[in-house]
Amino acid sequence: FITITSHQLRTPLTAIAWSLEHLNQNIKNDPELKEIANRGLKISNQALKTINDLLDITKIEQGQFGYNFESVNINDFIKNIITQTEPVAKTYEVEIIFKPAPNKIDVVIDKEKLGVALLNIVDNAIKYNIKNGQIKISVEMFNESFIKIGVSDTGVGIPKEEEEKLFTKFYRGSNVIQLEPNGSGLGLYITKNIIERHGGKINIESSVGRGTTFWFTLPLNSKLMPIKEVIAGNTKYTTS
């Protein structure tokens with residue numbers, strides 16, 4: 001039901017978003033009308049994101065999410081994510097600082113899926129930050145077998161008693177709803193599933209009013225990933 005309904009809704013919403021974007025780009029002499037088009041575009045894009053999240057959850061729970069793993073330089077991967085998020089960060093007046101791994105580190109990942117996971121974390125760090133706040137992204141060795149990627153912000157923080165609920169479906173922190181009323185509460189659930197499929201773990205450290213750090217691990221050896229055979233390009237990875 002969710003799959004059919006989401007597909008039926010996604011097509012007209014995509015058309016609406018495209019039309020509003022076209023209007024927004026071509027309205028020159030009417031600031032009020034331009035603002036209305038821009039507001040409608042944001043709302044339609046939010047609705048599209050919710051629908052796509054619902055479709056992703058359905059695929060995850062049916063084991064049909066579909067992964068395409070390949071060996072990737074983790075520093076280059078994160079730099080690409082930062083490039084995508086910097087325009088949004090600027091609108092929120094938030095600075096992103098990246099501390100890369102000192103040495104070249106290659107990991108076996110699905111760039112698209114892990115990109116979704118990291119974008120979800122960074123997007124939250126931007127939206128729930130303070131004006132002139134910062135986000136620090138770092139890569140370091142966790143032990144001989146894993147790397148650790150951290151995303152720290154100077155935002156509103158998360159109440160201690162709510163931290164365990166953050167990775168469940170449809171849950172949103174009580175304090176962040178006041179800042180950003182629109183949201184599905186699905187992003188971190190999807191993020192957790194993606195990271196665990198890569199053989200990693202995700203955790204959180206937070207203090208209300210002082211900021212939050214999300215960090216997750218990734219294995220350096222594909223044999224530490226959950227058992228599943230995947231093919232990337234001409235290379236076959238049998239994870240175990």
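Preceding block: the structure.
Caption draft 1: Local environment of the overall build of the protein chain. Along the backbone of the protein chain there are 6 helices and 9 strands. Radius of gyration (C-alpha) of the protein chain: 19 Å, near the 18 Å computed for a compact globule of 240 residues. Principal axes of the C-alpha set define a box for the protein chain whose edges measure 60 × 40 × 35 Å. The long-range share in the protein chain, meaning contacts at least 24 apart out of those at least 6 apart in sequence, stands at 68%. Of the accessible surface of the protein chain, which amounts to about 13500 Å², a share of 53% is contributed by carbon and sulfur atoms. Side-chain charges of the protein chain comprise 28 positive and 27 negative groups, with the mean position of each set lying 2 Å from the other.

Caption draft 2: Highlighting the packing of aromatic side chains. Overall, the coordinates contain 4 aromatic pairs when judged by the stated rule. Ring centres 5.7 Å apart and planes at 80° place the aromatic pair F65 and Y67 in the edge-to-face group. Taking the relative accessible area as the measure of exposure, F65 reaches 11% and is therefore buried. Residues Y67 and F69 carry aromatic rings whose centres are separated by 5.6 Å and whose planes lie at 15° to one another, so their mutual orientation is stacked. Neither residue differs from the other here; Y67 and F69 are each classed as buried. Cluster of aromatic residues (ring-pair linked, three or more members): F65, Y67 and F69. The aromatic ring of F65 is capped on one face by K113, whose charged end is 4.9 Å from the ring centroid. Above the face of the Y67 ring, R197 is positioned so that its terminal group lies 5.5 Å from the ring centre.

Caption draft 3: A look at the nonpolar core. I74, F77, I78, L114, I137, F214 and F216 are the most contacted members of the largest nonpolar core, which has 48 residues in total. For this core, the element with the highest residue contribution is helix α4 (residues 111–127), accounting for 7 residues. Not counting residues within four places of it along the chain, the set of residues in contact with I78 comprises F98, L118, I137, V139 and I149.

Criteria and cut-off values
- Residues numbered from 1 in each chain as written.
- Predicted model: local features only at pLDDT ≥ 70, side-chain atom pairs only at ≥ 80, totals over all residues.
- Heavy atoms only, no water.
- Helix = DSSP H or I, 4+ residues; strand = E, 2+ residues; numbered from the N terminus.
- Rg over C-alpha atoms; globule rule 2.2 N^0.38 Å.
- Contact = heavy atoms within 4.5 Å.
- Areas by Shrake-Rupley, 256 points an atom, 1.4 Å probe, with all protein chains shown as cover.
- Lys, Arg positive; Asp, Glu negative; His and termini not counted.
- Charge placed at Lys NZ, Arg CZ, Asp CG, Glu CD.
- Phe/Tyr/Trp six-rings, centres within 6.5 Å; stacked < 30°, edge-to-face > 60°.
- Buried < 20%, exposed > 50% of the residue type's maximum accessible area, 1.4 Å probe, protein only.
- Lys NZ or Arg CZ within 6 Å of the ring centre and 35° of its normal.
- Core = buried A, V, L, I, M, F, W, Y, C linked by side-chain atoms within 4.5 Å.

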